[in-house]
Amino acid sequence: MSGGEQRDGVDLTHLDEPLAPDIVATKRDLVDYLDAVADHILPVLADRPLTVLRTLRGQKPFVQKNIPKYAPDWVRTVPMWAESSKREIRYIVCDDRRTLLWLANQRAVEYHPALGLADNIYRPTHLVLDLDPPGSGDFSAVVAVAHLVRTALSNCGLSGVVKTSGSRGVHIFVPIDDHAPVDDVAAATRALAARAEALDPSIATTAFIVEDREGKVFVDATRSGGATVAAAYSPRLRPGLPVSFPVDWSELDRVTPSDFTVHTAIDALSGRTSWTDAMPAPQRLPADLIEQGHTIPVARVAAMHEGKRRAKARRERDASS
């Protein structure tokens, strides 16, 4: 077999093949990187239902939730009912190096764990805000809005940590206790986004509809419930094979997402506190934050209704012209 070897009882095959046509990295690069960061990424993945993005030779990348039938019986899974597809899905739970290596050998490039643990996926352990840059992709604008979010958190007695998304934005994670049910966590997330936007509406927006964002950074408050988010240290299937990388708030102004790739992130980890160790202790969400959030419409629902309203208005205009 081409470029084959074994680690931790896992047969690794075709290691010298490129991952994808536009990715300057081989499968060996992916395996070596994930193996090197195993002690950092496994605590992030542990005990969480996992969705991965795989890239196979000659195929388009695809999202995998259900464990393949050929998986070894030692790969841990958790069964969950998927209402959308009306079937039970057996999610992989990546708790150890052997499972991580097996996934890497399956050409699983991206790792998206649930925000909740396996015993209750709908009880998020973190409140998450996802900041997306405007079409220009200006990362400095994302950084400026990240600091607005940090101020909004501080103003209500909360603190969080930040990482590059591995794409063009950042993710801000706020560890929370189990006091608030999922609907209250979602509400608090909406309220925090609104408070960050209010601090400087010239650069931040909570507008879910892209055409309404006016070139501002989108403060996405929809990561709640059964949502997933790219894990800290996860590679992203993009040119250069960047990774989602935790950074200190103090250095956020000096980095760009492209600084951290499977080729550079291992060295960048030297001397750094791991993502899980940098987390504040779980915090209780303030009642006023939750209360405010419940007055803010759920973004996807509001956008759907607004889309229908605009479509109706266009039809009426066309009919009268």
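It should be emphasised that the depicted structure is a prediction, and the values quoted were computed from it without experimental measurement. (Residues numbered from 1 in each chain as written. Predicted model: local features only at pLDDT ≥ 70, side-chain atom pairs only at ≥ 80, totals over all residues. Heavy atoms only, no water.)

Spatially, the six strands line up as an open sheet ordered β15-β16-β12-β14-β13-β17, and their pairing is mixed. Among the strands making up the open sheet, the edge pair consists of β15 (204–205) and β17 (246–247). Both β15 and strand β16 (residues 217–220) contribute to a ladder of two bridges, which runs parallel. The residue of β16 that forms the bridge with Ala 204 is Val 217. Of the strands in this sheet, β12 (126–132), β14 (170–175), β15 and β16 are in contact with helix α4 (residues 139–155), which crosses β14 at around 15°. (Pairing = 2+ DSSP bridges. Helix = DSSP H or I, 4+ residues; strand = E, 2+ residues; numbered from the N terminus. Contact = heavy atoms within 4.5 Å. Axes fitted to C-alpha atoms, helices over the stretch in contact; angles between N-to-C directions.)

All right, on to the UniProt feature "domain: DNA ligase D polymerase" (unreviewed entry) in the protein then. In the numbering used here, UniProt assigns the feature "domain: DNA ligase D polymerase" (unreviewed entry) to residues 26–270. Taken end to end, residues 26–270 is 27% helix and 25% strand, and its first and last C-alpha atoms sit 23 Å apart. (UniProt positions renumbered as here; feature names shortened; annotations may be inferred.)

Take the pattern of salt bridges next. Under the defined criterion, the tally for this structure stands at 18 salt bridges. Arg 97 is the salt-bridge partner of Asp 8, the closest N and O atoms lying 3.8 Å from each other. Pair noted here: Asp 8 is in the loop between β1 (5–7) and β2 (10–12) and Arg 97 is in helix α3 (residues 97–105), with a separation of 89 residues, a long-range link. Where Asp 177 meets Arg 284, a salt bridge forms, and the shortest distance between an N and an O atom there is 3.1 Å. Here Arg 284 lies in the loop between α7 (275–278) and α8 (287–293) and Asp 177 lies in the loop between β14 and α5 (182–199), a separation of 107 residues in the sequence. (Salt bridge = Lys/Arg side-chain N within 4 Å of Asp/Glu carboxyl O.)

Here the focus is the domain arrangement of the protein. As far as domains go, the protein holds domain 1 (5–113) and domain 2 (121–320). Look at where the C-alpha atoms of domain 1 and domain 2 centre, and you get two points 25 Å apart. Each partner contributes to the roughly 2200 Å² buried at the junction of domain 1 and domain 2, and carbon and sulfur atoms together form 70% of this total. Our count for the domain 1 to domain 2 interface comes out at two salt bridges. Salt-bridge contacts for Glu 110 lead to Arg 238; the nearest nitrogen and oxygen are separated by 3.3 Å. A per-element tally of the side of domain 1 that touches domain 2 places helix α1 (residues 27–36) first, with six residues. In terms of residue class, the side of domain 1 that touches domain 2 is built from 20 nonpolar, four polar and five charged. (Domains from an automatic or database assignment. Buried area = accessible area lost by both parts, 1.4 Å probe. Nonpolar A, V, L, I, M, F, W, Y, C, P; charged D, E, K, R; others polar.)

Time to look at unusual backbone geometry. One non-glycine residue, Tyr 233, adopts positive backbone phi at about 80°. In the Ramachandran plot, Leu 241 falls in the positive-phi region, its phi being about 50° despite a non-glycine side chain. By the element assignment, Leu 241 lies in the loop between β16 and β17. Accessibility expressed as a relative area gives 0% for Leu 241, which makes it buried. (Buried < 20%, exposed > 50% of the residue type's maximum accessible area, 1.4 Å probe, protein only.)

Generally speaking, nonpolar side chains in soluble globular proteins are found buried as a group. Ranked by size, the top nonpolar core spans 89 residues in total, and within it Leu 100, Leu 103, Tyr 111, Leu 131 and Leu 285 carry the most contacts. Each of two domains, domain 1 (5–113) and domain 2 (121–320), supplies a minimum of three residues to this core. Those residues in contact with Leu 131, other than ones at most four positions away along the chain, are Val 142, Val 145, Ala 146, Val 149, Gly 169, Val 170, Ile 172, Val 217, Phe 218 and Val 219. In terms of nonpolar packing, the next biggest core, distinct from the first, is built from nine residues, Val 78, Ala 82, Ile 89 and Ala 118 among them. (Core = buried A, V, L, I, M, F, W, Y, C linked by side-chain atoms within 4.5 Å.)

It is worth spelling out the layout of surface pockets at this point. There is about 400 Å³ of room inside the largest pocket. Of all elements in the fold, only β5 (49–54), β7 (77–82), β8 (87–93), β9 (108–113) and β11 (120–124) reach the threshold of two or more residues within the lining of the largest pocket. Considering each element in turn, the lining of the largest pocket owes the most residues, four residues, to β5. Class assignment for the residues of the lining of the largest pocket results in 12 nonpolar, five polar and three charged. For the lining of the largest pocket, the two domains that each supply at least three residues are domain 1 (5–113) and domain 2 (121–320). (1 Å grid on protein atoms, 1.4 Å probe; cavity = no way out; pocket = protein on both sides within 12 Å on 5 of 7 lines; lining within 4 Å. Points joined across faces, edges and corners; volume = space filled by probe spheres on them.)

By the alternation rule, side chains of β7 split into Val 78, Met 80 and Ala 82, which are all buried, and Thr 77, Pro 79 and Trp 81, of which none is buried. The antiparallel pairing of β7 with β8 creates a hairpin that spans four residues between the two strands, and Lys 86 there sits at a positive phi of about 55°.

A few words now on the environment of Gly 226. Checked against the element boundaries, Gly 226 lands in the loop between β16 and β17. Note: C-alpha distance between Gly 226 and Pro 124 (102 residues apart in sequence) is 8.1 Å.

Relative to the helices and strands, Ala 38 is located in helix α2 (residues 38–45). The spatial distance from the C-alpha of Ala 38 to the C-alpha of Pro 246 is 15 Å, given a sequence separation of 208 residues.

Taking 1.5 Å of rise per residue, 18 residues should cover 26 Å, and α5 covers 26 Å from first to last C-alpha, within 8% of that figure. Within α5, the full set of buried residues consists of Asp 184, Val 185, Ala 186, Ala 187, Ala 188, Thr 189, Arg 190, Ala 191, Leu 192, Ala 193 and Ala 196. Turning to α5, the residues buried within the fold contact β11, β12, α4, β15, β16 and α8. (Expected span 1.5 Å × (residues − 1).)

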